[in-house]
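The chain contents come next:
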Amino acid sequence: MKNSNKNQKQSNSSKDKNLEQFREEGKDKKMTTNQGVKVNDTNNSLKAGERGGTLLEDFILREKITHFDHERIPERIVHARGSGAHGYFELYESQEKYTKAGIFTDTKRKTPVFVRFSTVAGNKGSADLARDVRGFSTKFYTEEGVFDLVGNNMPIFFIQDAMKFPDLIHAVKPEPDRDIPQAASAHDTFYDFVSLTTETLHNHIWVMSDRAIPRSYRMMEGFGIHTFRLINKEGKSHFVKFHWKPLLGVHSVTWDEAVKIHGADTDFHRRDLWDAIEAGHYPEWELGFQIVPEEDEHKFDFDLLDPTKLIPEEMVPVQRIGKMTLNRNPDNFFAETEQVAFHPGHLVPGLDFTNDPLLQGRLFSYTDTQLSRLGSPNFHEIPINRPVNEVHNNQRDAHMRMTVNKGKTAYFPNSIGGGCPHLAKMAEGGFTSYEERIDAKKVRERSESFSDHFSQPALFYRSLKEWEKNHIVDAYTFEIGKCTYDHVKKRMLYVIAEIDKDLAKKVGKGLGMEIPKEIEEPVNQAIGADADVKKHQPGKKKNYLEKSDSLSQTHLKSDSIVSRKIAILVGDGFDGEATMNMKKGLEEKGAMPKIIATHGGTVKCDKNKDHKVDAAILTTESVLFDAFYVPGGEKSVKALLDEPKAKKFINEALKHCKAIAVEKEGEQLLDETYGKDFKNDACVFINKKVADFAHGIAQHRNWEREEKAKKIPA
Ligand code: HDE
């Protein structure tokens, strides 16, 4: 039963030990049926004669086929496509003044975690680079039970009340008559809904930004979104927003790249996470708290319970309190990543909910969905979902029960079973809910304090750099341009103008449309014939902050090139010494340089030595790399010039604003491409040192180049 996965050696956490008893591996073992009977032939069914009919008696065939027939389970209704990894969380400093949770007070602990990243709208087989929100779910296996932080890579959500979630998802999913488009928001039903539901606009503008097309799961922020509570030993509550800050910085690809990556590698993000962990480049995030004392609840121009609002970091700074490291790939995708069941209601003492109406609805949904997805209330017994501490209660039976509960009693109170299991007092770690005072009428209403729909999308747009704003203009133009109903397009343009006039003007230009003075078609027709239209109108736009730097990716860089993929373009006869120097230099800084040659197999350097080719240029694409290096060597460069795809690599790299280094004859590849117009570019390095090139790569992109590079017809 020992597992030979090399990752296995890297972890000895309590969760790892807990998983060990469920691991299976057939190495050096005989094949058996599920009943443990050794199998002698798994290729031929039992027949009445060599050419005769198959016998019903063949229990080996029936078992094999029956199990296969039932291999699939329903995919997640949202967040179906994802990728997971194991790791651990370590605390920097005790947060006991805010919370009594052991995970946030005991700095000696190394709490095991399992994280799943995902896209939202697409099905399980869709492409990774869809323009979409990314899920960022973390299961902490704490000593006091499981705590799930089920967040996204954007700090706000589309809607304010759980009641609207099915509408939002039905609008963005493929249109029901044709089941098109897959994993794409650029279609009529989504924009019909967004333009009629202005509370969506804040999350929507984030989706139009580069945050929706990340370079890597490892280079995204994560957010718990809702305001939660931290409860300390004295029972005092503080409001908290959770943030994950990636140590590799926050980076994205361009839309043109995203489209091309769709074709070049649909598993781009999943592969990237897997490869980085296999290579020992363990992704890391710091966990941040934004703390608001209970008494400051009403101090802001927005409501802390409104999940479409963020708290700007200038108003409440993020305190980094610990670090998460992902260091082990799963052993089995289905058993772990597919069967992991997250739930925002999985909390431990020291944490609690707020009345955010979106969070409250989620507390119902996640158990319910596991029942249909995993098929039984015993989903907590699936190895990946089990806590690392003991579970004792009077719940019994149901489909696929694994636990063999002993004893006569399964009720409380009991005397026959000695009153066991006992209840835990608060001092013994028993969970008690925060005693929030409630004195209210029962109403089906939205609070007036939720009515401002435009201030924060406007703040987001104002806080971005010019290149980021340009990407947003392009994204709106593309998405709305895909809609076919004129009234939907007009209404969209109208609401964008409410966010920012200049933005709407630019989008209107791309669409060939004027910004409408008012929405022609009566909105109440869409909302419902007898709806009170006034009640559905957003409130007045406010301006409580001109800019928030933390919203722009320009301020979220790191100087690391760890795990960056660099293509070394060569043909036979390349300058071996210079290339090996460059390769070694980049590897020392943690990058992953790959030899991309005009052919597969091995490639000869100028010293006639064979070097292993990582990929022939015909089998790969420039969009799969972060930077490019072309060494000298007359013969090598000639071979590259004869290979049209090598020129395409350079032109696309320029267009996507990536760093390029050339040495000696390698410069000819610039001369023979659009590179000739970019020789003075800050991220084009001609006969420069490794350190200069590395610095350029760490910039991720030279966005200064973009306006000019956009014109390259690559
Ligand atoms: Fe989810 N969401 N959600 N969601 N969500 C699910 O649960 C739901 C929301 C998020 O990697 C489902 O196990 C409702 C906000 C992530 O396994 C389902 C509402 C945020 C994941 C569900 C929301 C999220 C899910 C589908 C509105 C960010 C993937 C499968 C009230 C804070 C978890 C599942 C994973 C998954 C319901 C809103 C994040 C159906 C009803 C806000 C990251 O239960």
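Nothing here was measured: the structure is a model prediction, and the numbers come from that model.

## Describing unusual backbone geometry
Comment: phi is negative for the bulk of residues other than glycine, and the bulk of peptide bonds are trans. With an omega of 0 degrees, the peptide bond running from I180 to P181 counts as cis. Mapped onto the elements, P181 comes out in the loop between α3 (165-172) and α4 (188-196). The step from F412 to P413 runs through a cis peptide bond, and the omega angle for that step is 0 degrees. Among the secondary structure elements, P413 is positioned in the loop between α9 (357-374) and α10 (455-463). Of note, the phi angle at N608 is positive, near 65 degrees, even though the residue is not glycine. Tracing the backbone shows N608 in the loop between β13 (602-604) and β14 (610-612). For N608, a count of 9 C-beta atoms within 10 Å puts it in the exposed group.

## Brief notes about the pairing of strand β2 (residues 111-119)
Here β2 lies mainly inside the structure; nine of its nine residues are buried. Neither face of β2 is open: one carries T111, V113, V115, F117 and T119, the other P112, F114, R116 and S118, and all of them are buried. Pairing of strand β1 (residues 82-91) with β2 involves eight bridges; the strand directions are antiparallel. If you follow H86 over to β2, its bridge partner there is F114.

## Notes on the domain arrangement of the chain
Split into domains, the chain comes out as domain 1 (82-194 + 210-385), domain 2 (463-554) and domain 3 (559-709). Across the boundary between the two partners, domain 1 contributes 15 residues, which contact 19 residues of domain 2. The dominant element in the side of domain 1 that touches domain 2, judged by the number of residues it contributes, is α4, at three residues. Each residue belonging to the side of domain 1 that touches domain 2 can be placed in one class, and the counts come to five nonpolar, three polar and seven charged.

## Describing the packing of helix α12 (residues 486-499) against helix α13 (residues 501-511)
Each pair of packed helices can be described by the angle between their axes along with the distance between the axes. At a closest axis distance of 6 Å, the pairing of α12 and α13 adopts a crossing angle of 155 degrees. It follows from the interaxial angle that α12 and α13 lie roughly antiparallel. Residue-level contacts link K489, L493, I496, A497 and I499 of α12 to K501, L503, A504, V507, G508 and L511 of α13. Here the contact of α12 with α13 is built from residues that sort into eight nonpolar, one polar and two charged.

## A closer look at the site of the ligand
The full set close to the ligand counts 25 residues, and R76, H79, G135, A162 and S365 are the nearest of them. Elements that contribute at least two residues to the shell around the ligand include exactly β2, β3 (134-142), β4 (145-152) and α9. The residue makeup of the shell around the ligand, split by class, is 12 nonpolar, 10 polar and three charged.

## With respect to helix α6 (residues 255-264)
Restricting attention to buried positions, one finds in α6 the residues E257, A258, K260 and I261. Close packing links the buried residues of α6 with α7 (268-278).

## Some details on helix α19 (residues 690-698)
Buried within α19 we find F693, A694, G696, I697 and A698. Contacts from the buried residues of α19 go to α15 (576-588), β16 (627-630), β17 (659-662) and β18 (684-686).

## Topic: the environment of H700
Along the polypeptide, H700 turns up in the loop between α19 and α20 (706-709). With 39 residues separating them in the primary sequence, H700 and A661 have C-alpha atoms 14 Å apart.

## Quick word on the sheet that holds strand β12 (residues 592-597)
In spatial order, the strands read β15-β12-β11-β16-β17-β18; together these six strands make up an open sheet with parallel pairing. Each edge of the open sheet carries a strand with a single partner, namely β15 (615-616) and β18. Here β17 runs beside β18; their pairing, made up of three bridges, is parallel. Paired with V662 across the strands is I686, a residue of β18.

## A closer look at the environment of A597
Topologically, A597 is positioned in strand β12. Considered as a pair, A597 and D614 are 17 residues apart in the sequence and their alpha carbons are 8.0 Å apart. If we skip the residues at most four places from it in the chain, A597 touches V570, G571, V603, V613, A616 and I617.

## A word on the pairing of β17
With burial as the criterion, each face of β17 is covered, one bearing A659 and A661 and the other bearing I660 and V662. Sheet analysis places β16 next to β17, joined by four bridges and oriented parallel. Bridging across to β17, A627 finds its partner in A659.

## Some details on the packing of α3 against α4
Between α3 and α4, whose axes approach to 6 Å, the crossing angle comes to 145 degrees. Across the interface between the two elements, D167, L168, A171 and V172 from α3 touch T189, F190, D192 and F193 from α4. Looking at side-chain class alone, the contact of α3 with α4 contains five nonpolar, one polar and two charged residues.

Definitions and cut-offs
Residues numbered from 1 in each chain as written. Predicted model: local features only at pLDDT ≥ 70, side-chain atom pairs only at ≥ 80, totals over all residues. Helix = DSSP H or I, 4+ residues; strand = E, 2+ residues; numbered from the N terminus. Buried ≥ 20, exposed ≤ 12 C-beta atoms within 10 Å, placed from the backbone. Pairing = 2+ DSSP bridges. Domains from an automatic or database assignment. Contact = placed C-beta atoms within 7 Å. Nonpolar A, V, L, I, M, F, W, Y, C, P; charged D, E, K, R; others polar. Axes fitted to C-alpha atoms, helices over the stretch in contact; angles between N-to-C directions. Parallel < 35°, antiparallel > 145°, perpendicular 65-115°, else oblique. Near = placed C-beta within 6 Å.

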